[in-house]
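# Reading the structure
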Amino acid sequence: MNRTGQVRVAPSMLSADFSALGAALAAVEEAGADLIHLDVMDGHFVPNITIGPLVVKALRPLTRLPLDCHLMISEPQRYIEAFLRAGADMISVHVEAEQHLQRALAMIRDGGAKAGIAINPATSADTLAEALVYCDYVLVMTVNPGFGGQKFLQPSVEKVRRIAGMIRERNLDVAIEVDGGIDRNTAPAIVEAGAEILVAGTAVFGQSDRSEAITQLKRRS
Ligand code: DX5
Ligand code: ZN
């Protein structure tokens, strides 16, 4: 089981109807979402382009839920201020995209948000060893970032278990979030390995009963 014994679900707005984002947000909040996951892509770090601080700012007044901004962008440090100003509560930067990770994480924390380190499937958990003390959560990618609706990469379960072990050994207050291909079938094993926050795009927006979708994700088996 994970550290806290709790599972939080973060619907990814990437799978929502972009012509009616406000309504989609209201629907998942009503359905029991714990936070709102916003995927920021720049067409450079990942092969897709999505949203920026303006959209985060527009969504901010519509919900009291934490806005969890996943920056899949090169040189994320250049944009941290803008996302803080837009009202982000959590900001994650990719370990592969940031040369000065500690400084980026400190900027996020100084701005009053939770700081996350995102890590791609083929990047070793070892790269986190010295960085864990500077973050509040690790966002473990369980698909290659860029698109919703991809297939969960099974080796991610052992990777999460390893990272959970590193956090435990160091006695740190760091949560593990997982992102990509999370659904009712893949969720139980990754939660058992140590994940606390489940990002889910297709699994939530692909089902007409969003509340049932969120409940299913929280089931342990
Ligand atoms: C992928 C994004 C994810 C994506 C997940 O690059 O980071 O947040 O929306 O979508 P599903 O749950 O459909 O895999
Ligand atoms: Zn994401």
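Here the structure is a predicted model, which means the values were calculated and not measured.

## Side note on the sheet that holds strand β1 (residues 8–11)
- Within the open sheet, the eight strands sit side by side as β1-β8-β7-β6-β5-β4-β3-β2. Their pairing is parallel. Among the strands making up the open sheet, the edge pair consists of β1 and β2 (36–41). Averaged over neighbouring strand pairs, the angle between their axes works out to 25° when direction is ignored.
- Here four bridges tie strand β3 (residues 67–72) to strand β4 (residues 90–94), and the two strands are oriented parallel to one another. Each bridged residue has a counterpart across the sheet, and for L71 the counterpart in β4 is V93.
- Those strands touched by helix α5 (residues 156–169) are β5 (114–119), β6 (137–141) and β7 (175–179), and its axis lies near 165° from that of β7.
- Running over the sheet, helix α8 (residues 210–218) touches β1 and β8 (197–200) and is turned about 135° from β1.

## Examining the nonpolar core
- With 69 residues, the main nonpolar core has M13, L38, L132, V178, I190, L198 and L217 as its most contacted residues.
- A10, L35, M90 and V199 belong to the second-largest nonpolar core, a separate cluster that totals seven residues.

## What to know about the coordination of the zinc ion (ligand 2)
- For the zinc ion (ligand 2), every protein donor is listed as H37 (NE2), D39 (OD), H70 (ND1) and D179 (OD), and the spread of their distances is 2.0 to 2.3 Å.
- One can describe the donor arrangement at the zinc ion (ligand 2) as octahedral, given that its six donor atoms subtend angles of 70 to 170° at the metal.
- When the donors of the zinc ion (ligand 2) are listed by position in the chain, the intervening gaps give H-x1-D-x30-H-x108-D. With D39 in strand β2 and H70 in strand β3, the pair connects residues that are 31 residues apart, well separated along the chain. Each member of the pair, D39 as well as H70, is classed as buried.

## Notes on the site of ligand 1
- Inspection of the region around ligand 1 gives 20 residues, with S12, G146, D179, G201 and T202 positioned closest.
- G181 places a main-chain nitrogen or oxygen 2.8 Å from an oxygen atom of ligand 1.
- Within the complex, the protein chains bury 99% of what would otherwise be the 380 Å² of accessible surface of ligand 1.
- The pocket occupied by ligand 1, as judged from atoms lying within 2 Å of grid points, is the largest pocket.
- Of all the secondary structure elements, the ones that give two or more residues to the shell around ligand 1 are β2, β3 and β8.
- For the shell around ligand 1, the element with the most residues is β2, which contributes three residues.

## With respect to empty space enclosed by the protein
- Here the structure, examined in full by the defined rule, presents one cavity of 30 Å³ or more.
- Each pocket or cavity is described by its volume, and for the largest cavity that value is around 50 Å³.
- Of the residues in the lining of the largest cavity, the class split is six nonpolar, one polar and one charged.

## Observations regarding the pairing of β2
- Of all six residues that make up β2, six are buried, and the element is covered over most of its length.
- Here β2 shows a buried face lined by I36, L38 and V40 and a second buried face lined by H37, D39 and M41.
- Where β2 and β3 come together, six bridges link them in parallel fashion. Paired with M41 across the strands is M72, a residue of β3.
- Crossover handedness for the path β2 to helix α2 (residues 53–59) to β3: right-handed.

## Concerning the packing of helix α3 (residues 77–86) against helix α4 (residues 101–110)
- Packing of α3 against α4 brings their axes to within 10 Å, and their N-to-C directions diverge by 10°. Between α3 and α4, the angle is such that the two are roughly parallel. In contact with Q77, I80, E81 and L84 of α3, α4 contributes R103, A104, M107 and I108.
- For the contact of α3 with α4, a count of residues per class yields five nonpolar, one polar and two charged.

Criteria and cut-off values
- Residues numbered from 1 in each chain as written.
- Chains lettered and ligands numbered in written order.
- Predicted model: local features only at pLDDT ≥ 70, side-chain atom pairs only at ≥ 80, totals over all residues.
- Heavy atoms only, no water.
- Pairing = 2+ DSSP bridges.
- Helix = DSSP H or I, 4+ residues; strand = E, 2+ residues; numbered from the N terminus.
- Axes fitted to C-alpha atoms, helices over the stretch in contact; angles between N-to-C directions.
- Contact = heavy atoms within 4.5 Å.
- Core = buried A, V, L, I, M, F, W, Y, C linked by side-chain atoms within 4.5 Å.
- Buried < 20%, exposed > 50% of the residue type's maximum accessible area, 1.4 Å probe, protein only.
- Donors = N, O, S within 2.8 Å, 3.2 Å for Na, K, Ca; no water.
- Tetrahedral: all angles 85-135°; square planar, octahedral: opposite > 155°, others 65-115°.
- Near = heavy atom within 4 Å.
- Polar contact = N/O pair within 3.5 Å; in protein donor to acceptor, adjacent residues only side chain to side chain.
- Areas by Shrake-Rupley, 256 points an atom, 1.4 Å probe, with all protein chains shown as cover.
- 1 Å grid on protein atoms, 1.4 Å probe; cavity = no way out; pocket = protein on both sides within 12 Å on 5 of 7 lines; lining within 4 Å.
- Sits in = over half its atoms within 2 Å of the grid points.
- Points joined across faces, edges and corners; volume = space filled by probe spheres on them.
- Nonpolar A, V, L, I, M, F, W, Y, C, P; charged D, E, K, R; others polar.
- Right-handed = clockwise from strand over helix to strand, strands pointing away.
- Parallel < 35°, antiparallel > 145°, perpendicular 65-115°, else oblique.

The quantities given are spatial measurements derived from coordinates; they are silent on function.
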